[in-house]
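A closer look at the structure
Now for the letters of each chain:
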Amino acid sequence: MRKKLVMSLIFLSVLTLLVGCGKEDPLTIWVGSESVDFYQEMMDTYVSDYATENGEDFPYEVKVVGVDTGSAAATFLEDTDAGADIFTVAHDNLGKLTSGSSSIAPITR
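Residues numbered from 1 in each chain as written. Predicted model: local features only at pLDDT ≥ 70, side-chain atom pairs only at ≥ 80, totals over all residues. Heavy atoms only, no water.

Strands sit in the order β2-β1-β3 across an open sheet of three strands; the sheet is parallel. Whereas interior strands pair on both sides, the edge strands pair on one side only; in this sheet they are β2 (62–67) and β3 (86–87). Direction of pairing for strand β1 (residues 27–32) relative to β3: parallel, over a ladder of two bridges. Bridge pairing in β3 places I29 opposite I86. Contacts between helix α2 (residues 36–54) and the sheet are confined to β1 and β2, with β2 contributing the most and set at about 170° to the helix. (Pairing = 2+ DSSP bridges. Helix = DSSP H or I, 4+ residues; strand = E, 2+ residues; numbered from the N terminus. Contact = heavy atoms within 4.5 Å. Axes fitted to C-alpha atoms, helices over the stretch in contact; angles between N-to-C directions.)

In structure tokens, the structure reads:
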């Protein structure tokens with residue numbers, strides 16, 4: 001059940017971001033350093049399933065990077081262009097993100 005939930009969240013996030021992501025830039029995902037292997041495995045599975053279901057390669061390189069989730073929000077706010085496309089932050093940083101930048105918004109669907 002947890003795997004399906006994680007895959008669904010990643011899938012929705014990826015679809016949301018593909019519209020603005022250029023082919024030459026990788027889709028970057030920041031996660032806690034302890035979770036890199038798990039999320040990389042999930043993304044590798046997603047990319048593989050995409051190719052199988054659509055008969056073509058996934059059109060973007062996916063890069064999962066380990067970060068300190070407690071400081072990811074501040075790092076993103078310092079330079080949103082250099083920040084990740086999808087990232088995990090500590091819950092107490094959500095207010096800072098949504099009030100400190102017009103470059104981020106919650107997914108409401």
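Turning our eyes to something else, we now look at α2. Counted at 1.5 Å a residue, the expected span for α2 with its 19 residues is 27 Å, and the 26 Å between its end C-alpha atoms agrees. Of all the positions in α2, only M42, M43, Y46 and Y50 are classed as buried. Relative to the axis of α2, the buried residues are bounded by an arc of 95° and lie together on one face. Among the exposed residues of α2, those oriented more than 90 degrees off its buried face are D37 and T52. Immediately downstream of α2, the backbone of G55 shows phi near 70°, a positive value. (Expected span 1.5 Å × (residues − 1). Buried < 20%, exposed > 50% of the residue type's maximum accessible area, 1.4 Å probe, protein only. Arc of directions from axis to C-beta.)

Function-wise, these values are silent; they only describe arrangement.
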